[in-house]
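Chain residues, written in single-letter form:
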Amino acid sequence: GQQLNQSPQSMFIQEGEDVSMNCTSSSIFNTWLWYKQDPGEGPVLLIALYKAGELTSNGRLTAQFGITRKDSFLNISASIPSDVGIYFCAGGSQGNLIFGKGTKLSVKP
Amino acid sequence: SQTIHQWPATLVQPVGSPLSLECTVEGTSNPNLYWYRQAAGRGLQLLFYSVGIGQISSEVPQNLSASRPQDRQFILSSKKLLLSDSGFYLCACDSWGPLHFGNGTRLTVT
């Protein structure tokens, strides 16, 4: 079946540093989504990507849909303490999404 | 934009008791609705999805069931809870856009 690998599993960074995480799949996807989840809350959509090569920004966040359609990355620039949380990628198509296992981000002030 | 309401936020239930979690959606019509479970290991497991009233697809066989009595209402139920049913249950919705999640229900079965 389809598999989706998200890395790294966790990150410990200093405030102000840039962060990069990525997801790769064994299959071609039509959609890549990136979410952030705070403790005790549901995941919140950060960025949605629908086209190979698409590069989209949301404030300090930037995500790209890989040209091969099998990967995506999320970058966070100049991290701040409120960036702490778990970041999930999801790939697939409407009604058929696969989620990564998450990247837990910790930020040291 | 759509808003997803889930309740209760937290629930502690004894083994063998019934369960009913409710999810309602505002701001959209004829949405696709989903129930996910998230265990402590962080992964999101799709339990049920529905493309319309009375239409339920089950992804994982278990002692849970789902119903969609109205267009924007999705209910997760169990007749007898097991310890392994503990977890964080998330309702999600998409219409003509990406998937959005509710704030979840933390279920602890004791």
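These numbers were taken from a predicted model, which means no experiment stands behind them.

Focus on the sheet that holds strand β3 (residues 19–26) of chain B
Residues and elements named next belong to chain B. Spatially, β1-β3-β8-β7 is the arrangement adopted by the 4 strands of the open sheet, whose pairing is antiparallel. If you trace the sheet from one side to the other, it starts and ends with β1 (3–7) and β7 (64–70), each paired once. When strand polarity is set aside, the average angle formed by the axes of neighbouring strands in this sheet is 20°. Alignment of β7 against strand β8 (residues 73–78), held across 5 bridges, turns out to be antiparallel. Residue Q70 lies in a different strand from β8, and its bridge partner there is Q73.

Here we look at unusual backbone geometry
Here the bond from S7 of chain A into P8 of chain A is cis, since omega is -5°, no more than 30 degrees from zero. With respect to the helices, strands and loops of the structure, P8 of chain A is situated in the loop between β1 (4–7) and β2 (10–14). In this structure, the amide linkage connecting W7 of chain B to the following residue, P8 of chain B, adopts the cis form with an omega of 0°. Checked against the element boundaries, P8 of chain B lands in the loop between β1 and β2 (10–13). If you check the backbone angles, A78 of chain A has positive phi at about 45° while not being a glycine. Structurally, the position occupied by A78 of chain A is in the loop between β8 (71–76) and β9 (85–93). Despite not being glycine, N30 of chain B shows a phi value in the positive range, around 50°. Along the chain, N30 of chain B turns up in the loop between β3 and β4 (32–38). The exposure class of N30 of chain B is exposed, given its relative accessible area of 52%.

The rules behind the values
- Residues numbered from 1 in each chain as written.
- Chains lettered and ligands numbered in written order.
- Predicted model: local features only at pLDDT ≥ 70, side-chain atom pairs only at ≥ 80, totals over all residues.
- Heavy atoms only, no water.
- Pairing = 2+ DSSP bridges.
- Helix = DSSP H or I, 4+ residues; strand = E, 2+ residues; numbered from the N terminus.
- Axes fitted to C-alpha atoms, helices over the stretch in contact; angles between N-to-C directions.
- Buried < 20%, exposed > 50% of the residue type's maximum accessible area, 1.4 Å probe, protein only.

Purely geometric stuff here, so don't read any function into it on its own.
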